[in-house]
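# Descriptive analysis of the structure
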Amino acid sequence: MELTGPITLSDNRYGKAENRVVRVYRDSARHEIRDVNVSTVLRGDFAAAYTVGDQTKVLPTDTQKQTAYAYAKIAGPQPIEDYGLALARHFVDRTDPVHSARIEIEEYAWQRVSVNGGPHDHAWTRQGPEVRTATITVAGKDAGQRDWVIGGVKDLVLLKSTGSEFADFLVDEFTVLEPTADRMLATSLDAQWRFATVRGIDWDAAYAGIRQRMIEVFATRHSKALQQTLFEMGKAALEAYPCLAEVRLAAPNKHHFDYDLGRFGIENRGEVYHAADRPYGLIHATVARADAPDPGPAWTA
């Protein structure tokens, strides 16, 4: 098959990726810190830059970087969702060729150092490996809904030593896996939740509450499979927070296999495991309300 039609530019976007911004609040003797990684992505009337090298409508990626740092002082990344909204609105409202802006933020948590039984005013230790995330999209210059916010967490490592099974699965000529009624269940969860509105949300409280609700479900609900656990976690978040439209979850199954100690004459009753980092099952799920508003460009990368 030979194609002879004209060649055109289709989707295009550009931005400044991974600007590492640390904001310290020094309004009192007790300092506060927000540590973020910010990426900006712009879409708009930029076709000529690609097709003929015309840069007259291009806002340099270096300018986007400088704006991200300036808005760390102007708007402040506290909370990160408001910072992202302010930054995205700036690009859309102040730059004519820009039709939409997407701001992707990762936040790294710090915990105060404990000294003499109390938290230190200006010293911290880094928490991890989990990372809080936010993705903000502002599209269009008209009134009405044009703002979308997705909150989230990634690399949230969870494990429970019982309360999970995996049995009654499909079997073919290549199946060697044995069913089990009691196994170790562990994952490194990536979860994102889309808000139905951007108004009246306490972003920090919502993040903490949604995260906690999903962790509680993982810990307390009996699991017949990681798929079932993901659905229950997403469902619980939606039930607890009516402001959410949908939750998307991705979870690698961090396998733990009983280690064979019988060859040494030692009984192993689910006490010693081999933790295998690869290969691993990777499970995805989207849990959404039937009446969820249209996501618009919220998920468009």
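One can find the structure itself at the top, above this paragraph.
All of the points below concern the structure found in this document. (Residues numbered from 1 in each chain as written. Predicted model: local features only at pLDDT ≥ 70, side-chain atom pairs only at ≥ 80, totals over all residues. Heavy atoms only, no water.)

### A short note on the packing of aromatic side chains
Describing an aromatic ring pair means giving the distance of the ring centres and the angle of the ring planes. Rule in force here: By convention, a stacked pair of Phe, Tyr or Trp rings (six-membered ring in the case of Trp) has centres within 6.5 Å and planes under 30 degrees apart, an edge-to-face pair has planes over 60 apart, and any other such pair is tilted. Secondary structure elements follow DSSP: runs of H or I of four or more residues count as helices, runs of E of two or more count as strands, with numbering from the N terminus. For each residue, the accessible area found with a 1.4 Å probe, counting protein chains only, is set against the maximum for its type, and the residue is called buried under 20%, exposed over 50%, and partly exposed in between. Note on geometry: a ring has a charge over it if NZ (lysine) or CZ (arginine) is within 6 Å of the ring centre and within 35 degrees of the ring normal.
Under the counting rule described, the total for this entry stands at four aromatic pairs. Pairing Trp-193 with Tyr-207 gives two aromatic rings, centres 6.2 Å apart and planes at 35°, and the pair type is tilted. Pair noted here: Trp-193 is in strand E8 (residues 185-195) and Tyr-207 is in helix H4 (residues 203-220), with a separation of 14 residues, a long-range link. With a centroid separation of 4.9 Å and 90° between ring planes, the pair formed by Phe-195 and Trp-203 is classed as edge-to-face. Using a relative accessible area of 4% as the deciding quantity, one classes Phe-195 as buried. Its end group placed over the ring of Phe-218, Lys-160 keeps NZ or CZ at 5.5 Å from the ring centre. One residue, Arg-248, lies across the ring of Trp-299, its end atom 3.9 Å from the ring centre.

### Here we look at unusual backbone geometry
The general pattern is negative phi for most residues beyond glycine and trans for most peptide bonds. A cis amide bond links Gln-78 with the next residue in sequence, Pro-79, at an omega value of 0°. Turning to its location among the elements, Pro-79 is positioned in the loop between helix H2 (61-74) and helix H3 (80-94). The linkage connecting Gly-128 with the following residue, Pro-129, adopts the cis geometry, with an omega of 10°. Within the fold, Pro-129 resides in the loop between strand E5 (118-126) and strand E6 (131-139).

### Considerations on the environment of Ala-196
Relative to the elements of secondary structure, Ala-196 occurs in the loop between E8 and H4. The sequence separation of Ala-196 and Leu-244 amounts to 48 residues, and the corresponding C-alpha distance is 5.4 Å.

### Focus: the pattern of salt bridges
The condition is simple: Definition used for salt bridges: Asp or Glu carboxyl oxygen within 4 Å of a side-chain nitrogen of Lys or Arg.
Within this structure, the stated rule accounts for 23 salt bridges. Salt-bridge contacts for Glu-81 lead to Arg-132; the nearest nitrogen and oxygen are separated by 3.0 Å. Placement of the pair is Glu-81 in helix H3 and Arg-132 in strand E6, with a sequence separation of 51 residues. Note on Glu-81: relative accessible area 3%, which makes it buried. Between Glu-216 and Arg-213 there is a salt bridge whose closest N-O contact spans 3.2 Å. One end of the pair is Glu-216 and the other is Arg-213, both in helix H4 and three residues apart, which spans about a single turn. Take Arg-213: its relative accessible area is 26%, and that puts it in the partly exposed class. Residues participating in the shared-partner salt-bridge network are Arg-34, Glu-81, Glu-107, Arg-132 and Asp-204.

### Points about the pairing of strand E7 (residues 147-160)
Heads up, the condition is: Two strands pair if DSSP finds at least two bridges between them.
The element E7 is largely enclosed, with a buried count of 10 among its 14 residues. Relative to E7, E6 runs antiparallel, the two sharing eight bridges. Counterpart to Thr-137 in the pairing with E7 is Trp-148. Bridge count for E7 against E8 is nine bridges, and the pairing is antiparallel. Looking across to E8, one finds that Lys-160 is bridged to Leu-185.

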